[in-house]
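Remarks on the overall topology
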Amino acid sequence: MNIAGVVLAGGKSSRYGRPKMFEIYNGKAFYEHSVEAFSEAGICDVFILSNESLAPAFQTEKAGILIEKEMHKGPLYALYHVLGEQLPECDWVFLLAADVPFVSPAFVRRMKTHIVEPSPIQAYIPISGEKFQPLHGIYHRSCLPALKEIINRNKSLSMKELFQEINVHYVTFEPEEKAFININRPEEWENNKEGK
């Protein structure tokens, strides 16, 4: 199985007030938890997708650095860019955000077990309770035409719009699954430091 792990780390962190992916949890920056969840779950090709201004700040030997073609265009555009230009040899791309410090190798392994090849399924997307988790999803290269069409329409660059145009397998998780806790504001981090 040809799969790459990509940590999305190019956001503005506007609600947090500073680049939140560099906050520390258990002695490691947030983004490092996503990188290590991939590598410890057996994904050999791991990358951090960021922008030119933030890229020099990432300090890890476990992941390569990819630079966004255009900044702050959102995860759907990032996925299109990665599949179409940055990682053209990869069949699958597994996304994780850079602000999910409680994500674990066990979560990554569980998601990987659902991949079936060959299969008409083009994406494996977790659902926690009734909430889709597209930034914890696995996407096949065959999503590229749909991604391009959505971007060319230049309306909404919503990940949910993509799900209406591809074959998706939804993976059910409990509502309290800690892997999906993302940090948007400093007060949220204060409330979640213990993984509550």
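A short tour of the structure in this document, coming up. Remember, predicted model here, so these are calculated numbers, not experimental data.

Thresholds applied
- Residues numbered from 1 in each chain as written.
- Predicted model: local features only at pLDDT ≥ 70, side-chain atom pairs only at ≥ 80, totals over all residues.
- Heavy atoms only, no water.
- Core = buried A, V, L, I, M, F, W, Y, C linked by side-chain atoms within 4.5 Å.
- Buried < 20%, exposed > 50% of the residue type's maximum accessible area, 1.4 Å probe, protein only.
- Helix = DSSP H or I, 4+ residues; strand = E, 2+ residues; numbered from the N terminus.
- Contact = heavy atoms within 4.5 Å.
- 1 Å grid on protein atoms, 1.4 Å probe; cavity = no way out; pocket = protein on both sides within 12 Å on 5 of 7 lines; lining within 4 Å.
- Points joined across faces, edges and corners; volume = space filled by probe spheres on them.
- Nonpolar A, V, L, I, M, F, W, Y, C, P; charged D, E, K, R; others polar.
- Phe/Tyr/Trp six-rings, centres within 6.5 Å; stacked < 30°, edge-to-face > 60°.
- Arc of directions from axis to C-beta.
- Pairing = 2+ DSSP bridges.

The next point concerns the nonpolar core. Phe94, Phe107 and Val108 are the most contacted members of the largest nonpolar core, which totals 33 residues. Of all the elements in the fold, those that place two or more residues in this core are strand S1 (3–8), helix H1 (30–40), strand S4 (45–50), strand S6 (92–97), helix H3 (105–112) and strand S10 (168–173). Excluding residues within four positions of it along the chain, Val108 makes contact with Ala37, Phe38, Ala41, Ile43, Phe94 and Leu96.

Turning to empty space enclosed by the protein, a few remarks are in order. Using the criterion set out here, one finds one cavity of 30 Å³ or more in the structure. Counted as a void, the largest cavity has a volume near 40 Å³. Lining the largest cavity are Glu68, Glu70, His72, Lys73, Gly74, Tyr77, Ala78 and His81. Split into classes, the residues belonging to the lining of the largest cavity amount to two nonpolar, three polar and three charged.

Looking now at the packing of aromatic side chains. The full count for this structure, using the stated rule, is 14 aromatic pairs. Geometrically, the ring pair formed by Phe107 and Phe180 is edge-to-face, given 5.5 Å between the ring centres and 90° between the ring planes. With Phe107 in helix H3 and Phe180 in the loop between S10 and helix H6 (186–192), this pair connects stretches of sequence that are 73 residues apart. One exposure class covers both Phe107 and Phe180, and it is buried.

With that out of the way, let us pick up unusual backbone geometry. At the junction of Glu117 and Pro118, the peptide bond is cis and its omega measures out at -10° in the coordinates. Assignment of secondary structure puts Pro118 in the loop between H3 and strand S7 (123–128). The phi angle at Asn26 is positive, at roughly 55°, despite the residue not being glycine. Here Asn26 shows up in the loop between strand S2 (24–25) and strand S3 (28–29). Accessibility expressed as a relative area gives 63% for Asn26, which makes it exposed.

A separate point is helix H4 (residues 144–153). Where H4 is concerned, the buried positions are Leu144, Ala146, Leu147, Ile150 and Ile151. End-on, the buried residues of H4 take up no more than an arc of 165°, which puts them together on one face. Counted as exposed and oriented over 90 degrees from the buried face of H4: Pro145 and Asn152. Looking one or two residues past H4, Asn154 carries a phi angle of roughly 55°, positive in sign.

Looking now at the pairing of S6. The element S6 is largely enclosed, with a buried count of six among its six residues. Residue alternation in S6 divides its side chains into two sets, Trp92, Phe94 and Leu96 and Val93, Leu95 and Ala97, and both sets are buried. Taken together, the six bridges between S1 and S6 define a ladder with parallel strand orientation. Across the sheet, residue Ala4 finds its bridge partner in S6, namely Val93. Sheet analysis places S6 next to strand S9 (residues 138–140), joined by three bridges and oriented antiparallel. Within the sheet, the bridge partner assigned to Trp92 lies in S9 and is His140.

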